[in-house]
Amino acid sequence: MTTPLLALRGLTKSFRVGRGFGRRARLVAVSDVDLEVEAGETLGLVGESGCGKSTLARLALRLVEPDAGEIEFEGRDLLQLSRGELRGMRRRMQIVFQDPFASLNPRMTVGETIGEGLRVHGLARGAALERRVAELLEIVGLAPELASRYPHEFSGGQRQRVGIARALALEPRLVVADEPVSSLDVSIQAQILNLLLELQRRFELAYLFISHDLRVVRHLSRRVAVMYLGRIVERAPADRLYERPQHPYTDALLSAVPVPEPGRARGRIVLAGDVPSPIEPPSGCPFHPRCPRAIERCALERPALREVAPSHFSACHLAPF
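Residues numbered from 1 in each chain as written. Predicted model: local features only at pLDDT ≥ 70, side-chain atom pairs only at ≥ 80, totals over all residues. Heavy atoms only, no water.

Caption draft 1: Molecular detail of the overall build of the protein chain. Scanning the protein chain from terminus to terminus reveals 10 helices and 12 strands. Here the C-alpha atoms of the protein chain give a radius of gyration of 21 Å, agreeing with the 20 Å that 2.2 N^0.38 yields for 321 residues. Taking the principal axes of its C-alpha atoms as reference, the protein chain extends roughly 70 × 55 × 50 Å. Counting every position in the protein chain, which comprises 321 residues, the buried fraction comes to 50%. (Helix = DSSP H or I, 4+ residues; strand = E, 2+ residues; numbered from the N terminus. Rg over C-alpha atoms; globule rule 2.2 N^0.38 Å. Buried < 20%, exposed > 50% of the residue type's maximum accessible area, 1.4 Å probe, protein only.)

Caption draft 2: Just helix α4 (residues 126–139), in detail. The terminal C-alpha atoms of α4 lie 20 Å apart, and with 14 residues this matches the ideal 20 Å at 1.5 Å per residue to within 8%. All of the buried residues in α4 are Leu129, Arg132, Val133, Leu136, Leu137 and Ile139. What you see down the axis of α4 is that its buried residues fit within an arc of 160°, all on one side. Residues of α4 that are exposed and point over 90 degrees away from its buried face: Glu130, Arg131 and Glu138. Turning to α4, the residues buried within the fold contact α3 (110–120), α5 (156–168) and α6 (186–203). One or two positions beyond α4, positive phi appears at Gly141, with a value near 90°. (Expected span 1.5 Å × (residues − 1). Arc of directions from axis to C-beta. Contact = heavy atoms within 4.5 Å.)

Caption draft 3: Here's a closer look at the sheet that holds strand β4 (residues 68–73). The antiparallel open sheet is built from 4 strands, whose spatial order is β2-β1-β4-β5. Both edges of this open sheet fall to β2 (26–37) and β5 (76–77), since each of them pairs with a single strand only. Across 2 bridges, β4 lies against β5 in antiparallel orientation. Looking across to β5, one finds that Phe73 is bridged to Arg76. Contacts from helix α1 (residues 53–60) reach β1 (6–16), β2 and β4 within the one sheet, and its direction differs from that of β1 by about 120°. (Pairing = 2+ DSSP bridges. Axes fitted to C-alpha atoms, helices over the stretch in contact; angles between N-to-C directions.)

Caption draft 4: Geometry of the sheet that holds strand β3 (residues 42–46). On the basis of which strands lie adjacent, the open sheet formed by 8 strands has the order β6-β7-β8-β3-β9-β10-β12-β11 and mixed pairing. Edge strands, defined here as strands with exactly one partner in the open sheet, are β6 (93–96) and β11 (306–309). With direction set aside, neighbouring strand axes in the sheet form an average angle of 25°. Pairing geometry for strand β7 (residues 174–178) and strand β8 (residues 206–211), over 5 bridges, is parallel. The partner of Leu174 across the bridge, within β8, is Ala206. Sitting on the sheet, α6 touches β3 and β8, and the angle it makes with β8 is about 160°.

Caption draft 5: Fine view of the nonpolar core. Ranked by internal contacts, the top residues of the largest apolar core, which has 59 residues, are Val140, Ile164, Leu168, Leu199, Phe209 and Tyr249. With near-sequence residues (within four places) excluded, Leu199 lies in contact with Ile139, Ile164, Leu168, Glu204, Leu205 and Tyr207. Counting 34 residues, the second-largest nonpolar core is a separate cluster that includes Leu6, Leu43, Met89 and Ala225. (Core = buried A, V, L, I, M, F, W, Y, C linked by side-chain atoms within 4.5 Å.)

Caption draft 6: How the structure looks around the pairing of β1. Strand direction decides the pairing type here: β1 and β2, joined by 8 bridges, are antiparallel. Note on β2: the bridge partner recorded for Ala7 is Glu36. Note that β1 and β4 share 5 bridges and pair antiparallel. Note that in β4 the partner of Ala7 across the bridge is Glu72.

Printed below as a string of structure tokens:
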């Protein structure tokens, strides 16, 4: 077996919460997560808002320190690297943020923003830096002369292209895309998604693609992981997961995806109640208070993520079904 480009094992992260919850109360954002991303592939990560997807993305890049677990990139344990070693490693792993405006410094031109990583790592200066910035702008579909403009002079889609150019500047192997199209118009979403696919083919990039939109994830991903209340509840090849989900939560998410055929309706599964608090998660399976299939065992015993079909993993006592 080949070594995965990125491997997360037993990754856990919690945060102390403010007054009103008790002195020792903690919000468990990510709990015992195992994930792997192979070189050149796209792993889609889906789930409701607040389930821990963005925290997991930052943990994967060690932008946030975990409470427990391991993070390996290119076979090296990121948690054992010195500050200098980690800085060098970050050239190979980059991130595209959800909000293309908030992620850009309004006091810097886009040329300065794209070139900042090159300057910090001493890879280009002067005329060479300007040429590289112009090249990156062209790669993402923007005119090189726009380098002297500021973020507020661009549309949302153009700003996200700038964010992608910044991520590409250091020639990474892995790009974490944290809901990169959720704040864009639908027509612009398609353009950015097609750009990401083109860049993946051209530069052999691996993506950890995070979204709550299952249609978008299917368009890009080879494999998909489903997250609920800080845990991975299902992981499978994309086609298999969409055709035959093996967790009731995944089934409910897929039932909410519109069918692009007039007159054809999908049977909608409406979940009861709200997502439980990550400060006081339920016993047993975290999904059981909302699950239409729940049995007594679900409230007593937390299901392990296990293989229920070839390369298809589910954290459900009742799987396969």
